[in-house]
Amino acid sequence: MTNSAIDRSDPQVRKALANLQQQLCRALPAGDERDDLIRELQAHVLDAAERGNGSPGERVTRAITDLGPLSAFAPELAAELALQQSAARGSPLAIAGLLATHLGRDLLKSAVLMICALAMLFALLLLCCAIAALWLPDAGLYWNGWSDFTLSFEAQQHAPKVATAWFVPGALLVAIGMYLGASRIMVWTLRRTKSG
Amino acid sequence: MEATEPVIEKWLPQLRKGLLEILILEIVAAQISYGYEIASRLKLALRAEIAEGTLYPLLKRLLRDELVTTQWVTDGQSAPRKYYRITPLGEAVLLRMREEWATAHNALQELSQ
């Protein structure tokens, strides 16, 4: 193993460091803190590269790889930087940006969970209606088109009733499929929330 | 034995995440250190490969919580480095963390007997 200073003017080294800078600029909110962090990470890479083998370019590239994938640390860094900037500025816009960074993923997960819960609820209603249609002559689907349909246990005047022979098996299939699909997406989302 | 790996793979990052803060504070409490040095000492202590970039969000958080301070130092031969130094608050937090860790360690020993 060699232990020599890296020549920062080496074209390969400059290219690798510039590439790292570019990726970090894309992933992190602009500001003095970001510039400071990029400088720090570049210093880290140069320190690591000094202890490697091979050409300067190879050593720097390997040191950048050892930082790990950007996706493993950039989101947390972005949140930290946003927090620092918001604390410094305190403006409503900065606070909104901070909330978006911190809550964005959680809000998305909450929305997915809510949609899944609604889909499961609808599936259960559909199932009840399909089962009821076997015994109640007026229960079923009243259909005038995609913008005008009603699931009902009572007779409806505004739309014709879909034949029970079509509605019951179709509704059972849709309800079971929708319930199983939504519950799986829900469990997957909850598992990711838990492990994240 | 292989059946244990998926569970351990999920559990270990969570354990390390909590552990890293106390280990970083231990490192900077012993002597002022820079990012690469902290990463190297952690790898050696944990006997494991860690993605070095993942340390920086932790370092930023320690800085925000005022447990460490930083200072850029230029020594003539190498590139400038940002050094981390523990603060009096950081030392106090480290003492409490050690106590909590000892409690957890004792609990594990007691329950695993």
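Treat the numbers as computed from the prediction; the structure is a model and nothing was measured.

Novice: Before we go on, may I ask you to explain the interface of chain B and chain A in this structure?
Specialist: Think of interface size as the accessible area that goes away when the parts come together; that is how it is often given. At the junction of the two partners, chain B supplies 18 residues and chain A supplies 20 residues. Residue assignment for the side of chain B that touches chain A shows that the elements contributing at least two residues are α2 (35-46), α3 (55-64) and β3 (81-86) of chain B. A per-element tally of the side of chain B that touches chain A places α3(B) first, with five residues. Here the residues of the side of chain B that touches chain A sort into six nonpolar, five polar and seven charged.

Novice: What is the right way to look at helix α4 (residues 88-112) of chain B in this model?
Specialist: Given 3.6 residues per turn, any residue in an α-helix points the same way as the ones three and four places further on. When the terminal C-alpha atoms of α4(B) are compared, their 36 Å separation across 25 residues agrees well with the 36 Å that a helix rising 1.5 Å per residue should span. With one of 25 residues buried, α4(B) lies mostly on the surface of the structure.

Novice: I would appreciate a short explanation of the sheet that holds β3(B) in the present structure.
Specialist: In any sheet, the strands associate via hydrogen bonds between backbone groups, in a parallel or an antiparallel arrangement. Residues and elements named next belong to chain B. Strand order in the open sheet formed by three strands is β1-β3-β2, with antiparallel pairing between adjacent strands. With one partner strand each, in any of the chains shown, β1 (33-34) and β2 (68-73) form the two edges of the open sheet. In this sheet, β3 lies alongside β1 in antiparallel orientation, the contact comprising two bridges. Of the residues in β3, the one forming a bridge with Tyr34 is Tyr83.

Novice: Is there a simple way to think about the pairing of strand β2 (residues 148-152) of chain A in this case?
Specialist: Look at any regular strand and the pattern is simple: side chains alternate between the two faces of the sheet. All names here are of chain A. As paired strands, strand β1 (residues 140-145) and β2 are joined by five bridges and run antiparallel to one another. Note on β2: the bridge partner recorded for Trp143 is Phe149. A loop of two residues connects β1 with β2, the two strands running antiparallel in sequence.

Novice: Explain the nonpolar core to me, please; I cannot follow it from the model alone.
Specialist: Across soluble globular proteins, nonpolar side chains show a tendency to be buried alongside one another. Membership of the largest hydrophobic core comes to 39 residues, with the highest contact counts inside it found for Val45(A) and Val60(A). When contributions to this core are tallied by element, the ones reaching two or more residues are α1 (11-27), α2 (32-50), α3 (56-66) and α4 (70-89) of chain A together with α1 (5-30), α2, α3 and β3 of chain B. Looking at which element gives the most residues to this core, the answer is α2(A), with six residues. Those residues in contact with Val60(A) that sit more than four places away from it in its chain are Ile6(A), Val13(A), Ala16(A), Leu17(A), Val45(A) and Ala49(A). Ranked by size, the runner-up nonpolar core spans 15 residues in total, among them Ala133(A), Leu141(A), Tyr142(A) and Leu151(A).

Conventions adopted
Residues numbered from 1 in each chain as written. Chains lettered and ligands numbered in written order. Predicted model: local features only at pLDDT ≥ 70, side-chain atom pairs only at ≥ 80, totals over all residues. Contact = placed C-beta atoms within 7 Å. Helix = DSSP H or I, 4+ residues; strand = E, 2+ residues; numbered from the N terminus. Nonpolar A, V, L, I, M, F, W, Y, C, P; charged D, E, K, R; others polar. Expected span 1.5 Å × (residues − 1). Buried ≥ 20, exposed ≤ 12 C-beta atoms within 10 Å, placed from the backbone. Pairing = 2+ DSSP bridges. Core = buried A, V, L, I, M, F, W, Y, C linked by C-beta atoms within 7 Å.

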